Amino acid sequence: SFRSLRSWLKTLETKGYLKKVKREVDPVYELAAVAKKADGQWAVKFEKVKGYSVPVVAGILHNRQLIAEAMKINVAELVTKFAEAQANPLPCCLIDREKAPVKEVIVRDNIDLGSMFPIPTHHEKDAGPYITAALLIAKDPCTGVRNVSIHRLQLLGPNRLGILILPRHLWHIFRQVEEKDQPLEIALVIGVDPLTLLASQAITPFGVDELEIASALHGEPLQLVKCETVDIEVPAHAEIVLEGRLLPGVREIEGPFGEYPKYYGPASKKPVIVIDAVTCRRRPIYQTIVAATREHLLLGAIPREATLFQMVRQAVPTVRAVHLTPGGTCRYHAVIAIDKRHEGEAKNAIFAAFASSAEVKHVVVVDKDVDIFNPEDVEWAIATRCQASKDVIIISQAHGNRLDPSSDDGLSDKMGIDATVPLSAPAERFERIRIPGFEKIRLEEYLG
Ligand code: FMN
């Protein structure tokens, strides 16, 4: 299995999914521009970043096929396999410091992140360089259970980072120690294997360690190693680890930052991290995730689809598949295919989808013959199987997502569209036209 970012990069290279950029690139805009152009097609390794000797990779999980290959399954199984791993976490194991590649270099003094690592600036109005692909590991102070999440981190000073923490698990953990006026020990892990990266995005009940989900995805215990200055364990085969503290009672201006819905998240006062130690490989590879690329969207989509699928299945047992579409930023638009057995089930699927996540805003339910990964097929179902006065439901002013600029600071309308064929309709009225033998035709045998 792919234990490290490096072994995954080798696999990508062998399969022709990795392009190497030998030409010098500027970490300000140029690197992100190239990565964005390659998005969805290739992972890119920038070997020469202006002013640095450390290379940068971007786009290591840029499509569903790649994610499925990392999990060694076929693409149709992605969502159920992820849900299975999430439901059956596997403990990690601890290895000695001497055996951990991420301990090859240890720096404890004069830490200057901006000169050590080529931290890029992505979008035009970003407040500066941002670390975007670091797994933040912290422990619940009551139970000692680890929590893992990714956060945008603005470089505010040589060893100082501003962080956006939305009100989820990390926020809860931080507030518990901040109320006692204590710092929260954290580790930021950059450059892990693709399955650990994906596991960091699992939507779990509070108290589940995402690294154990990573172990479950790997089918074997993930190897961890103890940090130097904080009581936290980190993936031993990572490229870079930054050890530090989230400071209590400190807020500094962070932002703006170009975000996944393709708008800027505004500047405001945010918590601050101070870094006390850096450990890394001798020749580390730095990883960046450019906001709103397929990679960014899919990392969020797969775990959300797993939760969505489970919720819908409770309401409609014959659900076939779910999709959070890229046009809907892989968060706001859900398309659900069901094998409808009872009239009205499409609406129950819509309720379940809204309940699965506050981010879900528009839901389309289609029959099992519609390819939910093909936007044209979904639109065709809406065009020909939906009558708005009875098939559309609108709920006003529910909890939505703050990063959706059309919401009223997170207060958002929801819409569900039932684009399924009525069970009572005569079958021939909705029979798709088809040409016998079409599937078997190989055009090259007919066209010279
Ligand atoms: N969540 C945040 O709260 N703030 C962020 O700045 C942030 N940036 C992200 C950047 C990337 C590239 C990705 C993939 C996700 C980001 N997320 C961010 C989402 C969280 O990492 C994710 O929701 C995670 O599951 C939250 O975990 P938790 O509930 O255990 O805290």
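The following refers to the structure shown. (Residues numbered from 1 in each chain as written. Predicted model: local features only at pLDDT ≥ 70, side-chain atom pairs only at ≥ 80, totals over all residues. Heavy atoms only, no water.)

For the rest of this paragraph, the subject is the layout of surface pockets. Computed from the structure, the largest pocket encloses a volume of approximately 1100 Å³. Contributing to the lining of the largest pocket are 41 residues, with Leu166, Arg168, Gln201, Arg304 and Glu359 lying nearest its centre. Listed by contribution, the elements that provide at least two residues to the lining of the largest pocket are β8 (146–150), α6 (169–178) and α9 (294–315). At 5 residues, α9 tops the list of elements feeding residues into the lining of the largest pocket. When the residues that make up the lining of the largest pocket are grouped by side-chain class, the tally is 17 nonpolar, 16 polar and 8 charged. If you count residues domain by domain, the lining of the largest pocket takes at least three from each of domain 1 (5–284) and domain 2 (296–430). (1 Å grid on protein atoms, 1.4 Å probe; cavity = no way out; pocket = protein on both sides within 12 Å on 5 of 7 lines; lining within 4 Å. Points joined across faces, edges and corners; volume = space filled by probe spheres on them. Helix = DSSP H or I, 4+ residues; strand = E, 2+ residues; numbered from the N terminus. Nonpolar A, V, L, I, M, F, W, Y, C, P; charged D, E, K, R; others polar. Domains from an automatic or database assignment.)

Contact geometry for α9 and helix α10 (residues 345–356): axes closest at 8 Å, N-to-C directions at 140°. In this view, α9 runs oblique relative to α10, as classed from their interaxial angle. Like other packed secondary-structure pairs, α9 and α10 cross with a definite hand, here right-handed. Contact residues: α9 offers Thr307, Leu308, Met311, Val312 and Ala315, while α10 offers Asn348, Ala349, Ala352, Ala353, Ala355 and Ser356. (Axes fitted to C-alpha atoms, helices over the stretch in contact; angles between N-to-C directions. Parallel < 35°, antiparallel > 145°, perpendicular 65-115°, else oblique. Left-handed = near helix turned anticlockwise from the far one by under 90°. Contact = heavy atoms within 4.5 Å.)

Taken together, the buried positions of helix α2 (residues 30–38) are Leu31, Ala32, Ala35 and Ala38. In a view along the axis of α2, the buried residues occupy a sector of 130°, so they form one face of it. Where α2 is buried, its residues touch β2 (43–46) and β3 (56–58). Gly40 sits one or two residues past α2 and shows a positive phi near 90°. (Buried < 20%, exposed > 50% of the residue type's maximum accessible area, 1.4 Å probe, protein only. Arc of directions from axis to C-beta.)

Another point: the sheet that holds strand β12 (residues 223–226). Spatial strand order, β4-β12-β13: 3 strands in an open sheet with mixed pairing. Strand pairing shows two members of the sheet lacking a second neighbour, β4 (93–94) and β13 (233–235), which therefore form its edges. (Pairing = 2+ DSSP bridges.)

We now examine the sheet that holds β3. One open sheet holds the 4 strands; their spatial order is β1-β2-β3-β20, and the pairing between them is mixed. The open sheet has two edge strands with one neighbour each: β1 (18–21) and β20 (286–287). Pairing of β2 with β3 involves 3 bridges; the strand directions are antiparallel. Looking at β3, one finds that Phe46 is bridged to Val56. Docked against the sheet, helix α1 (residues 5–14) engages β1, β2, β3 and β20, running at close to 100° with respect to β1.

This part takes up the environment of Ser53. With respect to the helices and strands, Ser53 occurs in the loop between β2 and β3. In this structure Ser53 comes out as exposed when scored by relative accessible area, which is 69%. For the pair Ser53 and Ala334, spaced 281 residues apart in sequence, the C-alpha to C-alpha distance is 43 Å.

This brings us to α1. Two residues of an α-helix separated by three or four positions point the same way, owing to the 3.6 residues in each turn. Along α1, the residues that are buried comprise Leu5, Trp8, Leu9, Thr11 and Leu12. Angular distribution of buried residues about the axis of α1 spans 160°; they occupy a single face of the element. Exposed side of α1, more than 90 degrees from the buried face: Lys10 and Thr14 are the residues found there. Close packing links the buried residues of α1 with β1, β2, β3, α3 (64–70), α7 (194–199) and β20. Backbone geometry just after α1 places Gly16 at a positive phi near 80°.

Moving on: the site of the ligand. The immediate surroundings of the ligand are formed by 20 residues, with Asn147, Ile150, Arg152, Leu164 and Leu166 found nearest. His151 has a polar side-chain atom sitting 3.4 Å from a nitrogen atom of the ligand. Side-chain polar atom of Glu210 to an oxygen atom of the ligand: 3.3 Å apart, as the coordinates give it. Of all the elements in the fold, those that place two or more residues in the shell around the ligand are β8, α6 and α9. For the shell around the ligand, the leading source of residues is β8, giving 4 residues. Taken together, the residues of the shell around the ligand sort by class into 9 nonpolar, 8 polar and 3 charged. (Near = heavy atom within 4 Å. Polar contact = N/O pair within 3.5 Å; in protein donor to acceptor, adjacent residues only side chain to side chain.)

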